Amino acid sequence: MEYANIIIKPLLTEKSTRLQVSKNTYAFEVTFDANKCQIKEAVEKLYSVKVADVRTMVRKGKPRRSRYRLTKTQTWKRALVTLEGEAKIQLF
């Protein structure tokens, strides 16, 4: 799997911004079948930083009402990546 295909997009929310400042942790949406080692390698290669820790979680789809029936949003995977030292990722 290519590194660019593992990381779908960085997550820019209030919580992820707060984690960037306080704990040097960045949030990414990743492919569902990627493991922690692959995510670590992809972040290190794409952003040229050293990764200290990777935490992953699966976000289940939420039920939504669509006209006359219930549907469900897609299930996706989130990765929280903590960087070593004073390394930073420039997302903007």
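It should be noted that the structure appears before, not after, this text.
Note that the structure is a prediction, hence the values are computed from the model and not measured.

The next subject is helix α2 (residues 14-23). An α-helical segment advances 3.6 residues per turn. Residues three or four places apart therefore align on the same side. Along α2, the positions that sit buried rather than exposed are Ser16, Leu19 and Gln20. The arc enclosing the buried residues of α2, seen along the axis, measures out at 105°, which places them on a common side. Exposed positions of α2 whose direction lies more than 90 degrees from the buried face are Glu14, Lys15, Arg18, Val21 and Ser22. Where the residues of α2 are buried, they touch β2 (25-30) and β6 (76-83).

Read across the open sheet, the four strands follow the order β1-β2-β6-β3; overall the sheet is antiparallel. On the outer flanks of this sheet lie β1 (7-10) and β3 (51-59), each paired with one strand and no other. If you compare each strand with its neighbour and ignore which way they point, the axes differ by 30° on average. Along the sheet face, helix α3 (residues 36-47) touches β1, β2, β3 and β6 and points at about 120° away from the line of β3.

For Thr31, the location among the structural elements is in the loop between β2 and α3. Since its relative accessible area comes to 16%, Thr31 is described here as buried. When near neighbours in sequence (up to four residues on either side) are disregarded, Thr31 contacts Met1, Asn5, Ile6, Ile8 and Lys77.

Our next topic: unusual backbone geometry. Positioned with a positive phi, Asn24 is a non-glycine residue whose angle comes to about 55°. Secondary-structure assignment places Asn24 in the loop between α2 and β2. Judged by its relative accessible area of 9%, Asn24 is buried. The residue Arg67 is not glycine, and still its phi comes out positive at about 55°. Of note, Arg67 is situated in the loop between β4 (63-66) and β5 (69-72).

What follows concerns the pairing of β2. When you tally the buried positions in β2, you get six out of six residues, the bulk of the element. Burial along β2 is two-sided: the residues Thr25, Ala27 and Glu29 and Tyr26, Phe28 and Val30 are all buried. Of the strand pairs in this sheet, β1 and β2 are connected by three bridges, and their pairing is antiparallel. Each bridged residue has a counterpart across the sheet, and for Lys9 the counterpart in β2 is Glu29. In terms of strand pairing, β2 meets β6 through six bridges, oriented antiparallel. Paired with Phe28 across the strands is Ala79, a residue of β6.

Rules used throughout
Residues numbered from 1 in each chain as written. Predicted model: local features only at pLDDT ≥ 70, side-chain atom pairs only at ≥ 80, totals over all residues. Heavy atoms only, no water. Buried < 20%, exposed > 50% of the residue type's maximum accessible area, 1.4 Å probe, protein only. Helix = DSSP H or I, 4+ residues; strand = E, 2+ residues; numbered from the N terminus. Arc of directions from axis to C-beta. Contact = heavy atoms within 4.5 Å. Pairing = 2+ DSSP bridges. Axes fitted to C-alpha atoms, helices over the stretch in contact; angles between N-to-C directions.

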